[in-house]
Amino acid sequence: MARRNKIYEGKAKILYEGPEPGTLVQYFKDDATAYNAEKHDVIDGKGVLNNRLSEFFMTGLNAVGVPTHFIRRLNMREQLVRACEIIPIEVVVRNVAAGSMAKRLGIEEGTPLPRPIVEYYYKDDALGDPLVTEEHIAAFGWASQQDMDDMVSLALRVNDFLSGVMTAVGIRLVDFKIEVGRHYEGDFQRLIVADEISPDSCRLWDIQTGQRLDKDVFRKDLGNLSDAYTEVARRLGVMPKNAAAGTKPHLIN
Ligand SMILES: Nc1ncnc2c1ncn2[C@@H]1O[C@H](COP(=O)(O)OP(=O)(O)OP(=O)(O)O)[C@@H](O)[C@H]1O
Ligand SMILES: [Mg+2]
C-alpha cells in the first residue's frame, strides 16, 4: 500500500490526504501541550480518547443539524473528515468565568456568567493566539461579517448541545473553543465545525465536586489526565464502563 501523504502535523493531530478528493484523515496523537507549547508531555491513550470523544460530539451535532467536518471514525486514532479551509479564528464560548477571561477581567474562577459570552482569538502561535474583536477580523480580512455571524450562530448551537449532554452526566460545561472551516459543495460554500471537540478544547467541571475533567488537569498538574478523560468518556457511555485508563496489550519480553 502506498504511503499516505502527510498534509500537516500539529501539536495534537496529524492530517493525511483522505481516500477521496475533499476528504482528510485526522490522526489523534498522544501529545499534550499547554501555554503555547511551553509545556509538553506524551499522555498514554489521550489520542484514542479524544478520537472517540470528538466522534461522539460531532456525530451528535450532525444529528441535530449542526454541520461538522466529521464523516466517520476509521480506527482507534483516526477519523475521516471533510477537508475545509480553516478560518484563522478560534471561537470561544464561556458559560462560567475561568482561564484567561477570569484573569484578564479579575473575575473569580467559577463565577457563572449572566449569558454565554462569545470571544474570538486569532490563530497565530507566534503571537500566542491573541484575543481580537470583529473590527480586527473585518479590517484584516480574516472573515466577513456574514462569516462571523455564522460562526457565532454555530458556536452557540454547539454550546446548547454540549451543555445539555454534559449536564445530563453531571458535568458543567464551563467553556470551549471551536474551529470553523469553509466547505465547498459545488457552487455553494458553508461554514462547518471542524478540528476537534474534546476535553482538550473544553473546560469540564464535575457539578458536585468541581473536579476538573479537562486539559487544566495537565496545565495545572492536578492529577492524571488520562484518568480525567476516561471519566468523561465513561459517563457519556463512549468507552466500555469497565475500561481502565491505559489498558492496552503489553508485549511480554
Ligand atoms: N476539516 C479540516 N480541514 C482542514 N484542516 C483542518 C480540519 N480540521 C482541523 N484542521 C486543522 O488541522 C490541524 C490539526 O492539528 P493540531 O490541532 O495538532 O494543530 P495545532 O498544533 O493546534 O496547530 P494550529 O495552530 O494549526 O491549530 C489544525 O491546524 C486545524 O486547524
Ligand atoms: Mg489544535
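- Named according to an unreviewed UniProt entry, the protein chain is Phosphoribosylaminoimidazole-succinocarboxamide synthase originating from Rhodosalinus sediminis.
- In its Sequence similarities (unreviewed entry) section, UniProt records this for the protein chain: "Belongs to the SAICAR synthetase family."
- The record held by UniProt for the protein chain lists under Catalytic activity (unreviewed entry) the comment "5-amino-1-(5-phospho-D-ribosyl)imidazole-4-carboxylate + L-aspartate + ATP = (2S)-2-[5-amino-1-(5-phospho-beta-D-ribosyl)imidazole-4-carboxamido]succinate + ADP + phosphate + 2 H(+)".

Describing the sheet that holds strand 3 (residues 23–28)
In a beta sheet, neighbouring strands are held together by backbone hydrogen bonds and run either parallel or antiparallel to one another.
Right, on to step 1. Spatially, the 5 strands line up as an open sheet ordered 1-2-3-7-6, and their pairing is antiparallel. At either margin of the open sheet sits one strand with a lone partner, and together these are strand 1 (6–9) and strand 6 (70–73). Across the sheet, the axes of successive neighbouring strands diverge by a mean angle of 25°, strand direction being ignored.
Right, on to step 2. Strand direction decides the pairing type here: strand 6 and strand 7 (residues 78–82), joined by 3 bridges, are antiparallel. Paired with Arg73 across the strands is Gln79, a residue of strand 7.
Right, on to step 3. Sheet strands touched by helix 1 (residues 46–63): strand 3, strand 6 and strand 7. Its angle to strand 6, the strand with the most contacts, is close to 135°.

Regarding the site of ligand 1
Right, on to step 1. Around ligand 1, the surrounding shell holds 19 residues, and the nearest of these are Gly10, Lys11, Lys13, His69 and Ala194.
Right, on to step 2. Taken together, the residues that form the shell around ligand 1 break down as 9 nonpolar, 3 polar and 7 charged.
Right, on to step 3. When residues are assigned to domains, the shell around ligand 1 turns out to be shared by domain 1 (6–83 + 225–236) and domain 2 (85–206), each giving three or more.

Description of the nonpolar core
Right, on to step 1. One finds Val91, Leu173, Ile178, Val180, Val193, Leu204 and Val232 to be the most contacted residues of the largest nonpolar core, which totals 57 residues.
Right, on to step 2. Both domains that furnish three or more residues to this core are identified here as domain 1 (6–83 + 225–236) and domain 2 (85–206).

Focus: the domain arrangement of the protein chain
Right, on to step 1. Per the domain assignment, the segments of the protein chain are domain 1 (6–83 + 225–236) and domain 2 (85–206).
Right, on to step 2. Averaged C-alpha coordinates put domain 1 and domain 2 at centres separated by 17 Å.
Right, on to step 3. Going through the elements one at a time, helix 1 and helix 6 (225–236) are the ones with two or more residues in the side of domain 1 that touches domain 2.
Right, on to step 4. Residues belonging to the side of domain 1 that touches domain 2 are distributed by class as follows: 12 nonpolar, 6 polar and 2 charged.

With respect to the UniProt feature "domain: SAICAR synthetase/ADE2 N-terminal" (unreviewed entry) in the protein chain
Right, on to step 1. UniProt's feature table lists "domain: SAICAR synthetase/ADE2 N-terminal" (unreviewed entry) at residues 6–235, given in the numbering used throughout.
Right, on to step 2. In this annotation, residues 6–235 is assigned 30% helix and 37% strand; the end-to-end C-alpha distance for the span is 34 Å.

Some thoughts on the pairing of strand 5 (residues 39–42)
Right, on to step 1. As defined by bridge partners, strand 4 (residues 31–34) adjoins strand 5 across 4 bridges and the pair is classed as antiparallel. Residue Thr33 lies in a different strand from strand 5, and its bridge partner there is His40.
Right, on to step 2. Connecting strand 4 to the antiparallel partner strand 5 that follows it, the hairpin turn spans 4 residues, and Tyr35 within it adopts a positive phi of roughly 50°.

With respect to unusual backbone geometry
Right, on to step 1. The residue Ala37 is not glycine, and still its phi comes out positive at about 70°.
Right, on to step 2. When you line up the elements, Ala37 lands in the loop between strand 4 and strand 5.
Right, on to step 3. The class for Ala37 is exposed, based on 10 C-beta atoms found within 10 Å.
Right, on to step 4. With a phi angle near 45°, Asp129 is a residue other than glycine that sits in the positive phi range.
Right, on to step 5. Residue position: Asp129 is located in the loop between strand 9 (112–122) and strand 10 (131–132).

Calculation notes
The numbering scheme is per chain: residues are counted from 1 as the chain's sequence reads. Each chain is given a letter, starting from A, and each ligand a number, starting from 1, according to the order in which they appear as written. It should be noted that, the model being predicted, local features are given only for residues of pLDDT at least 70 and side-chain atom pairs only at 80 or more, the latter also being counted only at that level, while totals for whole chains, interfaces and linings use all residues. UniProt positions are given in the numbering used here, feature names are shortened, and annotations may be inferred rather than shown by experiment. Any two strands with at least two DSSP-identified bridges between them are counted as paired. Secondary structure is summarised from DSSP: a helix means a run of H or I of at least four residues, a strand means a run of E of at least two, and numbering begins at the N terminus for each. Here, axes are lines fitted to C-alpha atoms. For helices the fit covers the stretch in contact, and angles between N-to-C directions go from 0 to 180 degrees. Two residues qualify as a contact pair if the distance between their C-beta atoms, derived from the backbone, is within 7 Å. In this analysis a residue is considered near a molecule or strand if the C-beta atom, reconstructed from its backbone, is found within 6 Å of that molecule or strand. Amino acid classes used here: Ala, Val, Leu, Ile, Met, Phe, Trp, Tyr, Cys and Pro are nonpolar; Asp, Glu, Lys and Arg are charged; the rest, including Gly, are polar. The split of the chain into domains comes from an automatic or database domain assignment. We define the nonpolar core as any set of buried residues of the types Ala, Val, Leu, Ile, Met, Phe, Trp, Tyr and Cys, connected via C-beta atoms lying within 7 Å of each other. Field definition: a residue is buried when 20 or more other C-beta atoms are found within 10 Å of its C-beta, exposed when 12 or fewer are, and partly exposed for counts in between, with C-beta atoms placed from the backbone.

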